[in-house]
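The chain contents come next:
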Amino acid sequence: MPTYTAPLREYRFLLKDVLDIGRYSNLPTFSDAPLDLIDQVLEEGAKFCEGVLAPLNKVGDEHGCKRADDGSVTTPPGFKDAYKQLTAAGWPGLTSDPTYGGQGLPHIVGLAWNEMVSSANMAFGMYPGLSHGAYAAIHSHGSDELKQTYLPKLVTGEWTGTMNLTEPHCGTDLGLLRTKAIPQADGSYRITGQKIFISAGEHDLAPNIIHLVIARIEGAPAGTKGISLFIVPKFILDKDGNPGKRNGVVCGAIEEKMGIHGNSTCVLNYDDAVGYLVGQENKGLAAMFTMMNVARLGVGLQGLSQSEVAYQNAVAYAKDRLQMRSITGAKNPNGPADPIIVHPDVRRMLMDAKAFNEGARAFAFWTAIHGDLLHTSPDEKVREKADDYMALMTPVIKSYLTDKGFANATNCQQIFGGHGYIEEHGMSQFVRDARITQIYEGTNGIQALDLVGRKLGANGGRAIFAFFNEMDDFIHNHEDDAELKEFVDALKDVKAQLQDGTMWLMQNGMTNFDNAGAASHDYLNLFGITALTYMWTLQAKAAFAAKKNGGAADPYFDTKLTTGRYFLARTLPDAAAHLAKVKTGAGPVMALAADAF
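Report on the accompanying structure. All values derive from a computational prediction rather than experimental measurement.

## Focus on the layout of surface pockets
Roughly 1,100 Å³ of volume is contained in the second largest pocket. If you trace the second largest pocket, you find 37 residues lining it, with T166, I439, Y440, E441 and G442 closest to the centre. When the residues that make up the lining of the second largest pocket are grouped by side-chain class, the tally is 17 nonpolar, 10 polar and 10 charged.

## A few points about the pattern of salt bridges
Inspection of the entire model under this criterion finds 31 salt bridges. The salt bridge involving D554 is made with R9; its shortest N-O contact spans 2.7 Å. Placement of the pair is D554 in the loop between α14 (513-551) and α15 (555-571) and R9 in helix α1 (residues 8-18), with a sequence separation of 545 residues. Where E158 meets K153, a salt bridge forms, and the shortest distance between an N and an O atom there is 3.2 Å. Given a relative accessible area of 22%, K153 falls into the partly exposed group.

## Quick notes on the packing of aromatic side chains
Taken as a whole and assessed by the stated rule, the structure comprises 24 aromatic pairs. Pairing F13 with Y556 gives two aromatic rings, centres 5.5 Å apart and planes at 70 degrees, and the pair type is edge-to-face. Here F13 is found in helix α1, whereas its partner Y556 is found in helix α15, with 543 residues between them in sequence. In this pair, the class of F13 matches that of Y556, namely buried. For the pair W366 and Y534, a centre-to-centre distance of 6.2 Å together with 80 degrees between the ring planes defines the contact as edge-to-face. Placement of the pair is W366 in helix α7 (residues 344-376) and Y534 in helix α14, with a sequence separation of 168 residues. Here the two residues W366 and Y534 agree in accessibility, since each one is buried.

## Section: the pairing of strand β5 (residues 189-198)
Alignment of strand β4 (residues 180-183) against β5, held across 4 bridges, turns out to be antiparallel. Paired with I182 across the bridge in β5 is R190. Between the antiparallel neighbours β4 and β5 lie 5 residues, among them G187 with a positive phi of about 95 degrees. Bridge analysis of β5 against strand β11 (residues 266-278) gives 7 bridges, and the strand direction is antiparallel. Across the sheet, the residue bridging to I198 is C266, located in β11.

## Overview of the packing of helix α6 (residues 284-320) against helix α10 (residues 427-435)
Close contact between α6 and α10 brings their axes to 10 Å; oriented N to C, the two are set at 165 degrees. Judged on the interaxial angle alone, α10 and α6 are roughly antiparallel. α6 and α10 meet at a crossing whose hand is left-handed. On the side of α6, the interface is formed by Q306, V309, A310 and N313, while α10 contributes M427, F430, D433 and A434. Of the residues belonging to the contact of α6 with α10, the class tally is 5 nonpolar, 2 polar and 1 charged.

## Digging into the nonpolar core
Residues F363, W366, F467, Y523 and F527 are the most contacted members of the largest nonpolar core, which totals 151 residues. It is α14 that contributes the most residues to this core, 18 residues altogether. Apart from residues no more than four positions distant in its own chain, F363 is found in contact with M393, V396, I397, L401, A531, L532 and M535. Formed by 38 residues, the second largest nonpolar core is a distinct cluster that contains M126, V155, V278 and A295.

Conventions and cut-offs
- Counting starts from 1 at the beginning of each chain's written sequence and moves along it residue by residue.
- Reporting of local features is limited, given that this is a predicted model, to residues whose pLDDT is at least 70; pairs of side-chain atoms are given and counted only at 80 or more, and all residues count toward the totals for whole chains, interfaces and linings.
- Computation of side-chain values covers all heavy atoms of the structure but excludes hydrogens and water.
- Here a cavity is any set of points on a 1 Å grid over the protein atoms alone where a 1.4 Å probe fits but cannot get out, and a pocket is any open set with protein on both sides within 12 Å along at least 5 of 7 lines; a residue lines the site when it has an atom within 4 Å of a point.
- Grid points are joined across faces, edges and corners, and a volume is the space filled by probe spheres set on the points.
- As a working rule, the residues Ala, Val, Leu, Ile, Met, Phe, Trp, Tyr, Cys and Pro are called nonpolar, Asp, Glu, Lys and Arg charged, and the rest polar, with Gly in that last group.
- Whenever a carboxyl oxygen of Asp or Glu lies within 4 Å of a side-chain nitrogen of Lys or Arg, that contact is scored as a salt bridge.
- Strands are runs of DSSP state E lasting at least 2 residues, helices are runs of H or I lasting at least 4, and numbering of each runs from the N terminus.
- The buried label applies to any residue whose accessible area, calculated with a 1.4 Å probe on protein chains only, is under 20% of its type's maximum; exposed applies above 50%, and partly exposed to all values in between.
- Only Phe, Tyr and Trp rings take part, Trp by its six-membered ring, and two of them pair if their centres are within 6.5 Å. Stacked means planes under 30 degrees apart, edge-to-face means over 60, and tilted covers everything else.
- Note on pairing: two strands pair once DSSP finds at least 2 bridges between them.
- The axes used here are C-alpha line fits, helices contributing only the stretch in contact, and every angle between their N-to-C directions lies in the interval 0 to 180 degrees.
- What sets the label is the angle itself: under 35 degrees gives roughly parallel, over 145 gives roughly antiparallel, 65 to 115 gives roughly perpendicular, and the rest give oblique.
- The sense of a crossing depends on the near helix, which, turned anticlockwise from the far helix by less than a right angle, makes the crossing left-handed and, turned clockwise, makes it right-handed.
- Only heavy atoms enter the contact rule, under which two residues are in contact if any of them lie within 4.5 Å.
- In plain words, nonpolar cores are sets of buried Ala, Val, Leu, Ile, Met, Phe, Trp, Tyr and Cys residues tied together by side-chain atoms within 4.5 Å.

And the structure:
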């Protein structure tokens, strides 16, 4: 049976030593969340994830969700009780607005909590995760009446939420949607159509499900300009605000999936269902993107989470499994063979995962701080930069963290050999669950196009140049720091490579859009490596400082520095290859005629 231990020491190092969140104690949300309180919250969260959710991960994979003839869905054994414990402890409202019953903690605390949940049980975590996305969309775009009606129940987790975009004939190209909305005299709408791939679309965890559905109002413009967003509750509320009559939405099927079997991914059929407009007519895509951006950051975190839990189990196995002798002489002379962790190739796979996990987690936390500043800082310039960074980093976090997370889960499975391919040790589930993260909420190819086609040029390139300037300032301020030199030099080099690739795209992408499309994947990977190099430089600075301030005897900081040096030696060189591929442009990619494939 696989196990999971929350990386609480990593969280404290990032929050205290790297990000120094105490400096934000004068800002809303942070003022009521000193580090000691955050530690206590995360410690309790770790107990719940390790003790309740992790043991159900394999159960959910084996049993899956069951649909009855009437369209009702039963979740795997134990999920319903675990969800009751989740809501009773108040976890769904951790970072939500206190106006609607939330606890109002910084979003960065929610990020750590969500990583633990996803590592322990990714399929289960999608139920409250989608609900929070629905909360965010209604909170940002809903009328006061809609907020008062739906947000308190979503915040407590008493009701859950979904996001309904995809239809059988359209995924990314939402302008092709056919679901229609017909206005009614009472101000409501009647929604008719079919949605597919709807995570948590039907289940038995909560008495009501609040579907957020995009549809086209009769007579609306074609394409994305005619999309509106609607709340369609599973049960229409009665005059007292409680679930009453069943609405015209039914689960027609549960998708047969490669992984995340514990989550009910549904085909939902809407037949004259009652819906309520969120925001303005024909402005639904902007409202839905509030939810999608929350989801995309969450999906990036899922990639990291599967890499982390797979790594933890692979380390335990590598220390225990005896096979062959070390090529430099026996390391376990009293046993029949050496543990496989002595072998360099096993070490390579473990170190790849460890260096990624710690760098990617720092990147996610660093980005989350900007998300908090966007909503709490009184400084307009700080909020502007935070908004720019959130837009710029979201496709990178979603794509880079899920691509590498899946690769690491696969490599950790490889460490088990044949035992990783059978189900006994649970490694197959981590691989299968991780695979969807590269696909949903916008495939990683779409994320790369979004980065290159929209985010780089937005506001005249303001966000990317701010990122360059931030790295330049760090390099300038630390170029004489002898102990940090190898990290600063590495950051200087890779920042120059990313800047080179950016300028190439700006010069060549607009003259031939295929150049941008062909370069987008490698450019995003170059960006990801640059971001993680910056994160490792920040972590190295913090580790050196901690060693000087009483931590010299703590092996944690030396381990941190050794892991960072591994990243510089073994991952950073990939940046040059990605830059070279960016500069090949569209020629080699588009050279073959379609009928030559």
